[in-house]
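Architecture at a glance
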Amino acid sequence: MADMKLVVVGASGRMGKAIIHAIHSMDGVILKAAVDQKGAACIGQDAGLMVGLNEKLGVMVSDDPLTAFLDVDGVIDFTAPAATVQFAEYAAQMRLVHVIGTTGFSKQEEEKITAAARHARIIKSGNMSLGVNLLSLLVQKAAKALDEEFDIEVLEMHHKHKVDAPSGTALLLGEAAARGRNIDLHENSVRVRDGVTGARENGKIGFATLRGGSVVGSHSILFAGEGERLELSHIAEDRSIFSRGAIKAALWGFEKKPGLYSMADVLGLSDKE
């Protein structure tokens, strides 16, 4: 089978650069286009030189996503919610694979992505790593096994440039805990504690957010009972685990029918199928 032709949007961002590096080093995929926002300093540069490969790839960074999407098989997208929604609409029009690692969506934006998945093959996850998705499964099982006498807290830390909180991974893990308890996360989460908050309410899932330095990603889920505490954790030390996972997701989605999938589906950890 011919190499899968990919476009990377948000090409000059941390994840965009890591994905271009990974595409260059992996079999079965080729970088066909690279896109960034209008006015970005990288526009017109060769994507290989931009990311420090010390060789030209013959792909110039563009600010025209619609044109870039015309001759590709898939899109890898770690950008911003509004941009991702637009890219999902393009992917639907052109029946592409759209791998979404963007986080921080509103309910309305989530609905638009779901609608686009009627025609595009969308793989969307708050985290693309194998370890985090295995952790999610363990969190769900632990939450199901431990009753409400065990309080659940999700602690996460990322670099100081991250703009959304809690992180997409923290929410992914919170959703896993909520599924294990058979509750709705939106109705049973505590995102902020400040001042005299009163005693902790049973059954709630708490979130704590830390930001600083260059931390790639650190997540811990605490199950705190009387006299004992269980902690499940994942530490990301290199962004390559996310970029390689995203490319694996794109290759997996190439043979699938339109729909909205998760990284758990890609890794065979889902109850689907």
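Above this text you will find the structure in question.
Read on for a plain summary of the structure. What you are looking at is a predicted structure, and each value in this text was computed from that prediction instead of being measured.

Looking now at the overall build of the protein chain. Within the protein chain, the secondary structure is distributed over nine helices and 12 strands. Its C-alpha atoms give the protein chain a radius of gyration of 19 Å, near enough to 19 Å, the size a compact globule of 273 residues would have. The C-alpha extent of the protein chain, read off along each of the three principal axes, is 60 × 40 × 30 Å. Within the span of the protein chain, comprising 273 residues, buried residues form 48% of the whole. When contacts within the protein chain are restricted to residue pairs at least 6 apart in sequence, long-range pairs at least 24 apart make up 69% of them. Counting every atom, the protein chain has about 13700 Å² of accessible surface; 50% of that belongs to carbon and sulfur. A distance of 3 Å separates the average location of the 30 positive side-chain charges in the protein chain from that of its 35 negative side-chain charges.

In this section: the pairing of strand β5 (residues 97–100). Neither face of β5 is left uncovered, since the one carrying Val 97 and Val 99 and the one carrying His 98 and Ile 100 both have all their residues buried. In this region the chain leaves strand β4 (residues 74–77), passes through helix α4 (residues 81–94) and returns to the parallel neighbour β5; the handedness of that crossover is right-handed. As paired elements, β5 and strand β6 (residues 121–124) share four bridges and run parallel to each other. Considered in β6, the bridge of Val 97 is made with Arg 121.

If you trace the backbone, Ser 62 turns up in strand β3 (residues 61–62). Beyond its immediate sequence surroundings of up to four residues, Ser 62 is in contact with Ala 34, Val 35, Asp 36 and Ile 43. Within the local environment of Ser 62, its side chain forms a polar contact with the backbone nitrogen of Asp 64, the two atoms lying 2.8 Å apart.

Cut-off values and rules
- Residues numbered from 1 in each chain as written.
- Predicted model: local features only at pLDDT ≥ 70, side-chain atom pairs only at ≥ 80, totals over all residues.
- Heavy atoms only, no water.
- Helix = DSSP H or I, 4+ residues; strand = E, 2+ residues; numbered from the N terminus.
- Rg over C-alpha atoms; globule rule 2.2 N^0.38 Å.
- Buried < 20%, exposed > 50% of the residue type's maximum accessible area, 1.4 Å probe, protein only.
- Contact = heavy atoms within 4.5 Å.
- Areas by Shrake-Rupley, 256 points an atom, 1.4 Å probe, with all protein chains shown as cover.
- Lys, Arg positive; Asp, Glu negative; His and termini not counted.
- Charge placed at Lys NZ, Arg CZ, Asp CG, Glu CD.
- Right-handed = clockwise from strand over helix to strand, strands pointing away.
- Pairing = 2+ DSSP bridges.
- Polar contact = N/O pair within 3.5 Å; in protein donor to acceptor, adjacent residues only side chain to side chain.

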